[in-house]
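Each chain, letter by letter, is given below.
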Amino acid sequence: MTERLVARMREFGTTVFAEMTALAVRTGSINLGQGFPDTDGPPAMLERAVAAINGGFNQYPPGPGVPELRQAVAEHRKAHYDLAYDPDGEILVTVGATEAIAAAVLALCEPGDEVVLFEPYYDSYAAAVALAGAVRRPVALRPVEGRFTFDPAELRAAVGPRTRTILVNSPHNPTGTVFTREELAEIAAVCREHDLIAITDEVYEHLTFDGVEHIPLATFPGMRERTVMISSAGKTFSVTGWKTGWVCAPPELTRAVQTVKQFTTFTASAPWQLAVAHALTHELPWVAALRRDLQAKRDRLMAGLAAAGFGVLRPSGTYFVQTDIRPLGFEDGLALTRELPSLAGVVAIPTQVFYDRPEYGRHFVRFAFCKQDEVIDEAARRLALLGKGSNR
């Protein structure tokens, strides 16, 4: 049969997450691939969702989101970042950050416009750019002194006459880097000089480690008025299945995103929205404990990976550790991750699939540490077989 999928989407098939999760299920392997926790969020938040369902809050919520959640998001932005957003006009609730990013790109980019983004990147970014008929202009993140960063000259070289937006993810998935104040200032300067709109994915904003600070790009001079700031509840409160996110932006940018969003999902998740409103207001001490717990899990997995012979890069945020597979004698991360279930009974994600130029990431593999300690320990025990060469 003739290919029916439109040409701009033909490079996107089954996501690597679906492939590797299916592989984990099929082989009974430990899944350290897809980034979802195996424990629930704060009990009081979960009870609020149940109460909302039992209380009949099961029909369409308002298109922009329930007032309680928009108000809670506004208060959170002000309290944490001293950013003032009007809940009536500058905040939009979305079906997770993924919808927010896609709607923002579709709303703000004409066919042929260019989007600067940092590779490796979360895979939905490339699909959103393709849906808009826009063009990706990647800037590579490379390890320097143990953390991933970019060359400011490469960032500036990526901007051209057709550049419309820059997509910034910090804390960064999949590398685990958190952009420094100096790096963000460089990005902000480029945005101001070239009149670019920044779309910022900040879903891991509360999950940073070792005292590293998350700084929103919108806090820099001249950036609030040109930034579409995106976050969500999924990672912060360990409810990735709730798919409840939000956009904070000036009125004209919020209206643009909502114009697209209303014809994708229109609205969703009424009970979850009320529960997340409660969580943003009352459950941040729980999030602080989660952050401490995740830092310990990160250290636990890093120790196991190093003992197994991987080259390990220390992440400052997110759920993920990047590893260099070359010390173990492997060169191709995609080939290794497809064999890893049979070699060690563990599933991971090949980083190269998140690049436009996969050769930059061919020797990196990503592992998730948002799992229970006993799961991490068993995975480390199994991965130690690689270093011993018992199954090679």
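Note that the structure is a prediction, hence the values are computed from the model and not measured.

S.K.: Can you help me understand the side chain of Glu-90 in this one?
M.R.: Following the sequence through the fold, Glu-90 ends up in the loop between helix H3 (67–81) and strand E2 (91–94). With near-sequence residues (within four places) excluded, Glu-90 lies in contact with Ala-84, Tyr-85, Arg-224, Val-247, Cys-248, Ala-249, Pro-250, Pro-251 and Thr-254.

S.K.: Help me understand the environment of Ala-100, please; the structure alone is not making it clear to me.
M.R.: Considering the arrangement of structural elements, one finds Ala-100 in helix H4 (residues 96–108). According to the relative accessible area criterion, Ala-100 is buried, its value standing at 0%. Considering only alpha carbons, one finds Ala-100 and Tyr-125, 25 residues apart in sequence, at a separation of 11 Å. For Ala-100, the contacting residues outside a window of four places in its chain are Thr-94, Ile-230, Val-247 and Val-257.

S.K.: Looking at this model, I keep getting lost on the pairing of E2. Mind explaining?
M.R.: Here is the key point about a regular strand: its side chains alternate between the two faces of the sheet. By the alternation rule, side chains of E2 split into Ile-91 and Val-93 and Leu-92 and Thr-94, which are all buried. Bridge count between E2 and strand E10 (residues 245–248): four bridges; the pairing is antiparallel. Bridge pairing in E10 links Val-93 to Trp-246.

S.K.: Even after reading the chapter, I still don't get the packing of aromatic side chains, so can you show me in this structure?
M.R.: Two descriptors summarise a pair of aromatic rings, namely the distance from one centre to the other and the angle between the planes of the rings. The full count for this structure, using the stated rule, is 14 aromatic pairs. Between Tyr-122 and Tyr-125 the ring centres are 6.1 Å apart and the planes differ by 75 degrees, which places this aromatic pair in the edge-to-face class. Residue class for Tyr-122 comes out partly exposed when judged on its relative accessible area of 26%. One aromatic cluster in this structure is built from Phe-17, Tyr-122, Tyr-125 and Phe-354. Its end group placed over the ring of Phe-320, Arg-366 keeps NZ or CZ at 3.5 Å from the ring centre. Against the face of Phe-36 rests Lys-371, its NZ or CZ located 3.8 Å from the ring centre.

S.K.: Whenever I open this one, the packing of H4 against helix H8 (residues 251–261) confuses me. Can you help?
M.R.: Any two packed helices are characterised by the angle at which their axes cross and by the distance between the axes. Look at H4 against H8: their axes get within 8 Å of each other, and the N-to-C directions meet at 105 degrees. Judged by the angle between their axes, H4 and H8 are roughly perpendicular. Facing Glu-99, Ala-100, Ala-103, Ala-104, Leu-106, Ala-107 and Leu-108 of H4, the residues of H8 in contact are Leu-253, Ala-256, Val-257, Val-260 and Lys-261. Tallied by class, the residues present in the contact of H4 with H8 amount to ten nonpolar, no polar and two charged.

S.K.: Explanation requested: the domain arrangement of the chain in the structure shown.
M.R.: Buried accessible area, meaning the area lost when the parts come together, often serves as the stated size of an interface. Entries for the chain in the domain assignment read domain 1 (7–41 + 285–390) and domain 2 (59–281). Here the C-alpha centroids of domain 1 and domain 2 sit 25 Å apart. Listed per partner, the contact involves 37 residues of domain 1 and 39 residues of domain 2. In total, about 3,300 Å² of surface goes out of reach between domain 1 and domain 2, with carbon and sulfur atoms giving 58% of it. Contact with domain 2 buries surface across domain 1, with Ser-316, Thr-318 and Asp-356 losing the most and accounting together for 18% of the total. Joining domain 1 to domain 2, the criterion identifies five salt bridges. We note a salt bridge from Arg-136 to Asp-356, for which the minimum N-O separation is 2.9 Å. Linking domain 1 to domain 2 there are 18 residue pairs in polar contact (both at pLDDT 80 or more). Of all the secondary structure elements, the ones that give two or more residues to the side of domain 1 that touches domain 2 are helix H10 (284–308), strand E12 (320–324) and strand E15 (364–368). Looking at the side of domain 1 that touches domain 2 element by element, the count peaks at seven residues for H10. By residue class, the composition of the side of domain 1 that touches domain 2 is 18 nonpolar, ten polar and nine charged.

Here is what the cut-offs are and how they apply
- Residues numbered from 1 in each chain as written.
- Predicted model: local features only at pLDDT ≥ 70, side-chain atom pairs only at ≥ 80, totals over all residues.
- Heavy atoms only, no water.
- Helix = DSSP H or I, 4+ residues; strand = E, 2+ residues; numbered from the N terminus.
- Contact = heavy atoms within 4.5 Å.
- Buried < 20%, exposed > 50% of the residue type's maximum accessible area, 1.4 Å probe, protein only.
- Pairing = 2+ DSSP bridges.
- Phe/Tyr/Trp six-rings, centres within 6.5 Å; stacked < 30°, edge-to-face > 60°.
- Lys NZ or Arg CZ within 6 Å of the ring centre and 35° of its normal.
- Axes fitted to C-alpha atoms, helices over the stretch in contact; angles between N-to-C directions.
- Parallel < 35°, antiparallel > 145°, perpendicular 65-115°, else oblique.
- Nonpolar A, V, L, I, M, F, W, Y, C, P; charged D, E, K, R; others polar.
- Domains from an automatic or database assignment.
- Buried area = accessible area lost by both parts, 1.4 Å probe.
- Salt bridge = Lys/Arg side-chain N within 4 Å of Asp/Glu carboxyl O.
- Polar contact = N/O pair within 3.5 Å; in protein donor to acceptor, adjacent residues only side chain to side chain.

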